[in-house]
Each structure stands twice: as structure tokens, then as C-alpha cells.
Amino acid sequence: MRIGFFIEPKGIILKRIQFWKQLVRKNLKNQKYLNHPPHSTIAVFDLKKKIKINFLKSIFRDFSCNSFNVKIANSSIFYEDPITNGDTLHLKIKKNVNLSKLQIKILKSFKKIDAYLKKNKKFNIKKFQKNLDMFGYPFVGKEWLPHFTIASVKSNSNNKKIIFKDFLNKNISKKIFKIKFISVWLIKGDNHKRLFKIYLK
């Protein structure tokens, strides 16, 4: 069982993500992450066995955090993304103190069921492995680069170069949005199902 904690975009940012997903699909066919709902991952946990949604909700019954603003830094690409072996188009989110604190709160809340977490993955990067062993998720603190993914592209098409150039030039930096809730998702491969939302104050 895999559970994800996401930030969902809205307004102009959501529309921009949807626009680029459609453009990539039209010109480069089906690419990894295109079918994923627009989101930024705070953390993803692999569990040893299924747990009930009500039990999962109970973990966050006393969760408390104020809503806050975040800003899009720029359009960017992870070239030769080690996770996908493709080039991953994304909108980079400027990390701030509130965002970092939110991630740590989510991770600490989930440690209540630490015995349920799978931690058998092995990373060559020591910090990733340390984070996985401690929290059940490798990308924590400085190793967490919050972003909204468009797609991870594997293609030799000439359209790829044109789309990548346009994507980097169509900058939407300094767009601000308020995080009012965190959504919790059940993940099965490319299929995502929202289970519930954790509302912020």
C-alpha cells in the first residue's frame, strides 16, 4: 500500500500545468507522469500492509498548522532524472520556512505508525538513506525540492527541443498561492485516488 501527501495547485498555476501536460501529450504522446493529477509531493510512504482510511485519518486528528503562501520560483527541467531516466519538466516551488516545517510535521505524524513502513530500499546517497531509515521517505529537508511536475520525457523528436525551449522561456515565476490543505492519496502505479484532505488553519 502506498500513501502520498500532496499539495494541489489552483488558479493560474493549475491551468498552466494542465496546458503543458496537454501540449506534451499532443506532441510527444504518452510520457511518464502525464496521467498523474497535478500536485507537489510532500512525502510518499510504502506500507507493509493495508490500513483502513479511518485509522489513517485518526493519525492526523490533532494535526495543527496554519495556512501560508508559497511562490513559484521558475520553470525548470531535471535533465536525466535518476528516478525516470528521462528529462522531467516541472515548476519549481520556492521553499520557505513554513513549507519545510509542514513537511516535518507530516513526517513526524506518520512516525506514529513507523512499524507499518517499508524501508527496504537502498540508496547510494547517504543522506537519502538516512532520511529513509529515519522517516520512511528519502527526500527530507535540504534533499526535498518541492515542485509541480508536468511530465518526464523520453523522446528524440524534434518537437521535444521546441517544447523544452518554450517551456523554459514561458516563465511564471513569482506567482503566489496559498496552501489551505494537504491532500492524502492512495497510489497504485499511475492511478491516484484522493482519500481525504487535512485542512490548515
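These figures come from a predicted structure and were not determined experimentally. (Residues numbered from 1 in each chain as written. Predicted model: local features only at pLDDT ≥ 70, side-chain atom pairs only at ≥ 80, totals over all residues. Heavy atoms only, no water.)

Q: Describe in detail the overall build of the protein, supporting the description with residues and values.
A: The helix and strand tally for the protein stands at five helices and eight strands. Counted from the first residue to the last, the protein has its helices and strands arranged as β-α-β-α-β-β-α-α-β-α-β-β-β. The principal-axis extents of the C-alpha atoms in the protein amount to approximately 50 × 35 × 30 Å. Burial statistics for the protein: of 201 residues in total, 46% are counted as buried. Pairs at least 24 apart in sequence give 76% of the contacts found in the protein among residues at least 6 apart. (Helix = DSSP H or I, 4+ residues; strand = E, 2+ residues; numbered from the N terminus. Buried < 20%, exposed > 50% of the residue type's maximum accessible area, 1.4 Å probe, protein only. Contact = heavy atoms within 4.5 Å.)

Q: Lay out unusual backbone geometry with the relevant residues and their values.
A: In this structure, Glu-80 is a non-glycine residue whose phi angle is positive, near 50 degrees. Mapped onto the secondary structure, Glu-80 falls in the loop between strand 3 (68-78) and strand 4 (87-94). A residue is classified by how much of its surface remains accessible, and Glu-80, at 68% relative accessible area, is exposed. Even without a glycine there, the phi angle at Asn-85 is positive, about 65 degrees. Along the chain, the position of Asn-85 falls in the loop between strand 3 and strand 4.

Q: How would you summarise the environment of Val-24 if you had to cite specific residues and measurements?
A: Here Val-24 lies in helix 1 (residues 11-28). When the C-alpha atoms of Val-24 and Lys-95 are compared, they prove to be 27 Å apart, with 71 residues separating the residues in sequence. If we ignore the near neighbours within four places in the chain, the residues touching Val-24 are Lys-29, Gln-31, Leu-34, Ile-150, Ala-151, Val-153 and Ile-163.

Q: Pulling in residues and values, what's your account of helix 5 (residues 158-169)?
A: In a regular helix each residue adds 1.5 Å, so 12 residues correspond to 16 Å; helix 5 covers 17 Å between its end C-alpha atoms and thus fits that length. Within helix 5 the residues assigned to the buried category are Lys-160, Ile-163, Phe-164 and Phe-167. Taken around the axis of helix 5, the buried residues stretch over an arc of 100 degrees, which confines them to a single face. Exposed and facing more than 90 degrees away from the buried side of helix 5 are Asn-158, Lys-161, Ile-162, Lys-165 and Asn-169. With a side-chain oxygen lying 3.0 Å from the backbone nitrogen of Asn-159, the N-terminal cap of helix 5 falls on Ser-157. (Expected span 1.5 Å × (residues − 1). Arc of directions from axis to C-beta. Polar contact = N/O pair within 3.5 Å; in protein donor to acceptor, adjacent residues only side chain to side chain.)

Q: An account of the packing of aromatic side chains is needed here, citing residue identities and associated values.
A: Considering all chains together, one arrives at 15 aromatic pairs under this definition. Plain terms: the ring middles of Trp-20 and Phe-167 are 5.2 Å apart, the flat faces sit at 85 degrees to each other, and that makes the pair edge-to-face. Note that Trp-20 is positioned in helix 1 and Phe-167 in helix 5, a separation of 147 residues in sequence. By relative accessible area, Trp-20 is classed as buried at 3%. Residue Phe-167 is classed as buried on the basis of its relative accessible area of 0%. Judged by centre distance (5.9 Å) and plane angle (85 degrees), the rings of Phe-123 and Phe-128 are edge-to-face. The class for Phe-123 is partly exposed, based on a relative accessible area of 26%. Aromatic ring contacts, followed pair by pair, group Phe-5, Phe-45, Phe-60, Phe-63 and Phe-110 into a single cluster. (Phe/Tyr/Trp six-rings, centres within 6.5 Å; stacked < 30°, edge-to-face > 60°.)

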